[in-house]
Amino acid sequence: MPLFELFPVLEERLPFVSLGKYPTPILKLDKLGEKIGVPKLYIKQDGLTARPFGGNKIRKLEFVLGDALRQGAKEVLTFGFAGSNHCLATALCAKKLGLRSISMLLPQPNAHYVRRNLLMSLHAGAELHLYPNKPLLSMGTTVQLLRHRLKTGKAPYLIPPGGSSPAGVVGFVNAAFELRNQVERGEMPEPDLIYLGMGTAGTLVGLLIGLGILKMKTRVMPVRVVDEKFTDIHTVFQLHGRTISLLGSAAAVFPGLELSAKDVEIVADFLGEGYARFTREGKQAVTLLEETEGIKLDGTYTGKTFAALLAAAKEGKLKNKVVLFWNTLNAHDFSHSIKDMDYQQLPKSLHHYFEQEVQPLDR
Ligand SMILES: *Cc1c(COP(=O)(O)O)cnc(C)c1O
């Protein structure tokens, strides 16, 4: 871990369990870059962090589940929308470590990936619960915590949505250090801009802290793909402060860091009608990257994020810039693992994702 090399005391203080393979590759997108007039366009392939399921959640879970293990947890409980990549990553990583996992889910628009992720969660042995809304999810959480505590003698370890606890965010502080090492090795010039999808903002905040500590000139462009009531600038500031506190209490040598509003300008125009509602621009971005570079994006996170990059390119804002697209989406095909899974084995409340059509833009 590059972070531990610079701050060795963190290695003793911050629980960590290895779940991924690093550094993730950086590629130059020559063909697409030429086509859209961004000659210095690069991609960071965080889809390859782990098998059978990679993506950005693995970096967070290395610290989150490290903490769960240190606390002697036997079970973890976490939250997400029905097709949550985070819940699936948690289920698979927990299983690898001999922990049971419970996913507390909320409804979302239907898509093929929702079905795949649900079946893969089942394959990983996760206990799944869907609630119609937030108040019922809160009540359900109280019930499940109690039920599991009575059953096992210990309450499950709680993981917030997206794995974005301060411990989870540290995974992306480390990712910034990893990027700096790759820049030093000549894999790409120091980026002017990083385009990044923003859900719970853990990925963003970790990178902001890491880039800040390293005094890199790189500016992060967070593209919001969830409703503003879910994540806004206050979420970013709060998580930033809490993570700096964690790092400062773990290592007195860790520098304090102030975040100023001008460091984070959230790009809000690409959400469309809401979380996981695919947009036309998002779909076009997915198709373009697939056709020119053979890289797969999704309609919920990375397609919308890439659409923001394409729009900025079209306006001529990226011409002379070194631009890095941070691909947060799992890159591995796990369909062979779920081909024999039967959705009837899922809780009844989830069956409609298999019995009703997916949203029009995903057909
Ligand atoms: C969770 C997720 C994100 C958002 O990351 P946050 O740290 O929650 O902001 C982006 N892309 C993909 C593919 C994700 O699964």
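To be clear, the structure that these remarks concern was listed above.
The rules behind the values
Residues numbered from 1 in each chain as written. Predicted model: local features only at pLDDT ≥ 70, side-chain atom pairs only at ≥ 80, totals over all residues. Heavy atoms only, no water. Pairing = 2+ DSSP bridges. Helix = DSSP H or I, 4+ residues; strand = E, 2+ residues; numbered from the N terminus. Axes fitted to C-alpha atoms, helices over the stretch in contact; angles between N-to-C directions. Contact = heavy atoms within 4.5 Å. Near = heavy atom within 4 Å. Polar contact = N/O pair within 3.5 Å; in protein donor to acceptor, adjacent residues only side chain to side chain. Areas by Shrake-Rupley, 256 points an atom, 1.4 Å probe, with all protein chains shown as cover. Phe/Tyr/Trp six-rings, centres within 6.5 Å; stacked < 30°, edge-to-face > 60°. Lys NZ or Arg CZ within 6 Å of the ring centre and 35° of its normal. Salt bridge = Lys/Arg side-chain N within 4 Å of Asp/Glu carboxyl O. Buried < 20%, exposed > 50% of the residue type's maximum accessible area, 1.4 Å probe, protein only. Parallel < 35°, antiparallel > 145°, perpendicular 65-115°, else oblique. Nonpolar A, V, L, I, M, F, W, Y, C, P; charged D, E, K, R; others polar.

On to the sheet that holds strand β7 (residues 193–198), then. Pairing is mixed in the open sheet, where five strands are placed in the order β1-β2-β9-β7-β8. At either margin of the open sheet sits one strand with a lone partner, and together these are β1 (26–28) and β8 (219–224). Averaged over all adjacent pairs, the angle separating strand axes in this sheet is 25 degrees, with direction ignored. Looking at chain direction, β7 and β8 are connected through six bridges and run parallel. Among the inter-strand pairings, Gly197 is bridged to a residue of β8, identified as Val223. On the sheet, helix α8 (residues 166–184) packs against β1, β2 (41–45), β7 and β9 (323–327) and is oriented at approximately 135 degrees with respect to β9.

Moving on to the sheet that holds strand β5 (residues 127–130). Across the sheet, which stays open at both edges, the four strands sit in the order β5-β4-β3-β6 with parallel pairing between neighbours. Only two strands of the sheet have a single partner each, and these edge strands are β5 and β6 (157–159). Between one strand and the next, the sheet's axes are offset by a mean angle of 20 degrees, whatever the strand orientation. Two strands pair when backbone bridges link them, and strand β4 (residues 100–106) and β5 are joined in this way by four bridges, in the parallel orientation. Of the residues in β5, the one forming a bridge with Ile102 is Glu127. With respect to the sheet, helix α4 (residues 57–70) is in contact with β3 (75–81) and β6, its orientation differing from that of β6 by roughly 165 degrees.

Looking at the ligand, there are 13 residues lining it, with Lys57, Lys60, Thr200, Thr203 and Thr328 nearest. Contact distances for the ligand include 2.5 Å between an oxygen atom and a side-chain N or O atom of Thr200. At a separation of 3.4 Å, an oxygen atom of the ligand approaches a polar backbone atom of Gly202. Starting from 380 Å² of accessible surface for the ligand in isolation, the protein chains cover 98%. When contributions to the shell around the ligand are tallied by element, the ones reaching two or more residues are α4 and α9 (202–213).

Going through the model one piece at a time under the given rule, you end up with 12 aromatic pairs. Centroid distance Phe7 to Phe254: 4.8 Å. Interplanar angle 45 degrees. Geometry classified as tilted. Taken as a pair, Phe7 in the loop between α1 (2–6) and α2 (8–13) and Phe254 in the loop between α10 (233–250) and α11 (280–293) lie far apart in primary sequence, 247 residues in all. Taken together through their ring pairs, the aromatic side chains of Phe81, Phe230, Tyr275 and Tyr301 make up a single cluster. We note Lys57 situated over the ring of Tyr301; from NZ or CZ to the ring centre the distance is 5.6 Å.

With that settled, the discussion passes to the environment of Val9. Considering the arrangement of structural elements, one finds Val9 in helix α2. The spacing of Val9 and Ala250 is 241 residues in sequence and 7.6 Å in space, taken between C-alpha atoms. Once residues lying within four places of it in the same chain are set aside, the contact partners of Val9 are Ala250, Ala251 and Val253.

This part is about the pattern of salt bridges. Side chains that differ in charge, positive against negative, can pair when their charged atoms come close. Inspection of every chain in the model, using the stated rule, returns 14 salt bridges. Here Glu127 ties to Arg147 by a salt bridge, and the two come within 2.8 Å at their closest N and O atoms. Taken together, the residues span a long stretch of sequence, with Glu127 in strand β5 and Arg147 in helix α7 (residues 134–152) at a distance of 20 residues. Using a relative accessible area of 14% as the deciding quantity, one classes Glu127 as buried. The class of Arg147 is partly exposed, set by a relative accessible area of 36%.

Take the packing of α8 against α10 next. Any two packed helices are characterised by the angle at which their axes cross and by the distance between the axes. Contact geometry of α8 with α10 gives a least axis separation of 9 Å together with a crossing angle of 85 degrees. One element, α8, and the other, α10, form an angle in the roughly perpendicular class. Residue-level inspection shows Pro166, Ala167, Val169, Val170 and Val173 of α8 in contact with α10, the latter providing Leu239, Arg242, Thr243, Leu246 and Leu247. For the contact of α8 with α10, the class distribution of residues is eight nonpolar, one polar and one charged.

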